Amino acid sequence: MTTPSPTPIDHWISGTRVPGTSGRTAPVYDPATGTQTGEVPLASRGEIDDAVKTAVAAAREWRTSSLSKRAAVLFAFRELLHARSGELAAIITAEHGKVLSDAAGEIARGLENVEFATGVPALLKGGFSEQAATGVDVYSIRQPLGVVAGITPFNFPAMVPLWMCANAIACGNAFILKPSEKDPSAALFLAELWKQAGLPDGIFTVIHGDKEAVDALLDHDDIAAVSFVGSTPIAKYIYERGTANGKRVQALGGAKNHALVLPDADVDMAADAIVSAAYGAAGERCMALSVAVAVGDVGDELVTKISERLPSLKVGPGAQADTDMGPLITREHRDKVAGYVDAGAEAGARVVVDGRTSDVPADGFFLGMTLLDDVTPDMSVYRDEIFGPVLSVVRVATYEEGLALINGNQYANGTTIFTRDGGAARRFQNEVEVGMVGINVPIPVPVAYYSFGGWKDSLFGDTHMYGPEGLNFYTRGKVVTQRWPDPATSTVDLGFPRTR
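Throughout, residues of each chain are indexed from 1 in the direction in which the sequence is written. Two thresholds apply to this predicted model, a pLDDT of at least 70 for residue-level local features and 80 or more for giving and counting side-chain atom pairs, whereas whole-chain, interface and lining totals are computed over all residues. Only heavy atoms go into the side-chain values, all of them from the structure, while hydrogens and water stay out.

This part covers the overall build of the chain. From N to C terminus, the chain includes 16 helices and 23 strands. Against the compact-globule benchmark of 23 Å for 500 residues, the chain has a radius of gyration of 25 Å, which places it among compact chains. Each principal axis of the C-alpha distribution contributes one length, and for the chain these read about 90 × 65 × 40 Å. Contacts in the chain between residues far apart in sequence, at least 24 positions, make up 72% of those at least 6 positions apart. For the chain, the accessible area works out to roughly 20800 Å², and carbon and sulfur atoms hold 52% of it. None of His or the chain ends enter the tally, which takes Lys and Arg as positive and Asp and Glu as negative. A single reference atom marks each charge: NZ on Lys, CZ on Arg, CG on Asp, CD on Glu. In the chain, the 43 positive side-chain charges and the 60 negative ones have mean positions that sit 7 Å from each other. Numbering of helices and strands runs from the N terminus; a helix is a DSSP stretch of H or I covering at least four residues, while a strand is a stretch of E covering at least two. Here the globule rule is a power law, 2.2 Å times the number of residues to the power 0.38, and the radius of gyration is based on C-alpha atoms. Any two residues whose heavy atoms approach within 4.5 Å at even a single point are treated as in contact. Areas reported here follow the Shrake-Rupley algorithm with a probe of radius 1.4 Å; residue values treat only the protein chains shown as occluding.

We now examine the sheet that holds strand E23 (residues 475-483). With antiparallel pairing, three strands are arranged side by side in an open sheet as E6-E7-E23. Sheet topology places strand E6 (128-133) and E23 at the edges, where each strand pairs with a single neighbour. Adjacent strand axes in the sheet meet at a mean angle of 30° when their direction is disregarded. Pairing analysis gives three bridges linking E6 to strand E7 (residues 136-144), with the strands arranged antiparallel. Across the sheet, residue phenylalanine 128 finds its bridge partner in E7, namely tyrosine 139. When DSSP finds two or more bridges between a pair of strands, those strands are recorded as paired. Orientation is described by lines fitted to C-alpha atoms, with helices fitted over the stretch in contact, and by angles between N-to-C directions that extend from 0 to 180 degrees.

Okay, the packing of helix H4 (residues 100-117) against helix H6 (residues 159-170) next. Across the interface, H4 lies against H6 with an axial gap of 8 Å and an inter-helix angle of 10°. Taken together, H4 and H6 sit at an angle that is classed as roughly parallel. In contact with Glu106, Arg109, Gly110, Leu111, Asn113, Val114, Phe116 and Ala117 of H4, H6 contributes Met159, Leu162, Trp163, Ala166, Asn167 and Ala170. Here the contact of H4 with H6 is composed, by residue class, of nine nonpolar, three polar and two charged. Any angle from 65 to 115 degrees is called roughly perpendicular, while one under 35 is roughly parallel, one over 145 is roughly antiparallel, and all others are oblique. When residues are grouped by polarity, Ala, Val, Leu, Ile, Met, Phe, Trp, Tyr, Cys and Pro land in nonpolar, Asp, Glu, Lys and Arg in charged, and all others, Gly among them, in polar.

The subject of this paragraph is the pairing of strand E14 (residues 289-295). The buried count for E14 comes to seven of seven residues, which makes it a mostly enclosed element. For the segment spanning strand E13 (residues 257-261), helix H10 (residues 267-279) and E14, crossover handedness is right-handed. For E14 and strand E17 (residues 390-396), the ladder comprises five bridges, and the chain directions are parallel. The partner of valine 295 across the bridge, within E17, is valine 396. Any residue under 20% of the maximum accessible area for its type is buried, any over 50% is exposed, and the rest in between are partly exposed; the area is computed with a 1.4 Å probe on protein chains only. Crossover handedness is defined by viewing with both strands directed away from the observer: a clockwise path from the first strand over the helix to the second marks the crossover as right-handed.

This brings us to the nonpolar core. Grouped together as the largest cluster of nonpolar side chains are 95 residues, with contacts concentrated most on Leu81, Phe175 and Phe204. Counting residues per element, this core draws most heavily on H6, which supplies 10 residues. The contact partners of phenylalanine 175, leaving out residues within four places of it in the chain, are Val148, Ala149, Gly150, Met164, Cys165, Ala168, Ile169, Ile203, Phe204, Thr205 and Tyr474. With 62 residues, the next largest nonpolar core counts Ala273, Val396, Ile406 and Ile417 among its residues. Throughout, nonpolar core names a set of buried Ala, Val, Leu, Ile, Met, Phe, Trp, Tyr and Cys residues whose side chains join them through atoms within 4.5 Å.

Note that proline 442 resides in the loop between strand E20 (436-439) and strand E21 (455-456). Residues proline 442 and glutamine 143, 299 residues apart in the sequence, show an inter-C-alpha distance of 37 Å.

Take the pairing of strand E19 (residues 414-418) next. When you tally the buried positions in E19, you get five out of five residues, the bulk of the element. Residue alternation in E19 divides its side chains into two sets, Gly414, Thr416 and Phe418 and Thr415 and Ile417, and both sets are buried. Taken together, the four bridges between E13 and E19 define a ladder with parallel strand orientation. By the bridge assignment, histidine 258 is partnered in E19 with threonine 415. Here E19 runs beside E20; their pairing, made up of four bridges, is parallel. Among the inter-strand pairings, threonine 416 is bridged to a residue of E20, identified as glycine 438. For the crossover from E19 across helix H15 (residues 422-431) to E20, the handedness is right-handed.

Looking now at helix H2 (residues 67-83). Each α-helix turn comprises 3.6 residues. Residues three or four places apart therefore point the same way. In this model H2 runs 24 Å from its N-terminal to its C-terminal C-alpha over 17 residues, within 8% of the 24 Å that 1.5 Å per residue would give. Looking at the buried residues of H2, the elements they touch are helix H1 (45-62), helix H3 (85-96), H4, helix H5 (120-123), H6 and helix H7 (185-196). A helix is expected to reach a length of 1.5 Å times the quantity of its residues less one.

In structure tokens form, the structure reads like this:
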């Protein structure tokens, strides 16, 4: 048997697929088999410049389109995405490796952002003050920025682009997407749906690439704003380079999300939730729970109940219906995650369940689920964002000690508390220094009409993503003061304007 040649993957510029011309490419793999299935072009600065020129021309027309026309396109896109979500989920699973149900859930959460953006005629209403001064009215409007860019991660190849592009386009901007080169095909599927929905050519662009393409976007004079989701070092780089070039930037970084489990918690419910949140998508989520903080004597029972649940979970190809957890994205990342388990064991953590020795498929980039107990804050498995199926249990004596541990972490993306005590939960939500908080909810990703984002090293910039803050990010405010006096009453007055 001969191995099929990898499928060439194109850019999407001005409403059509465009082959790359830089001569540089990167491989795309099926993580479940380890086989290269595609080859993605890596754009040059010249290709970025051509794509931006097309977007600039398209944005001039789109910004003058009526709010009702934009809403109509968004409604049509929503219907197409809903109807064809199964096809998109299969594309995600083939290139990312996550199970089909997880891919479908990602699309559903992205779809919520599209549904929010369909309300743009009401969402962009400004304020109006009649007779602010005698014969003078004042009103506010929000206008699009022009061309904006999104740089998105491999772990949510559909949802994160939808966090960005739905609001950006609804607000009247042209949007350029630079997806991860590891799983780029979902972005092209979205581009096809936008075109079918009636979006004018050039308003949604997909340009593939690596650091050269990223730098070209950050440096380009005609790109007004950049949105990013990824690791903290890259988020900081994106923010600093983008803002140095005068751009508006929102850059979401890494995470080390904690679950604080109090002694009064329903431990069975907490164990179910923690297992789901720690090992779903093979832990490759910025909102994954990677640390369980056990308070007091709940630790032994919690570790036992988590470990009891793991043997029944199947690790295998994401396309198989009976699979609970798929592979990691690349062989290199799989090996890096396994190295963290090695380091944890060497540092004194107790390996309760060892994913390195689990029964997983030999082909592909698989790693089993790991549970580490007696982890301490000085260990690398606690300090670093592992981004894999590794759950650490840290034991503390009191609520106060657990809170101090969470507040002392450099990351502050998401956290949750498991308790039956409403007073303790209310205290936690007020005292914890984290951007997104769950109460008996393991993955507190906000619904689309709120906004997503953490604190500290989990966010660079002062604007969270999607929802109301997303609308503000992709627009700028303008205040208009007007009067229509009788020309006969006009006089020269050098005094400062008064409103009374």
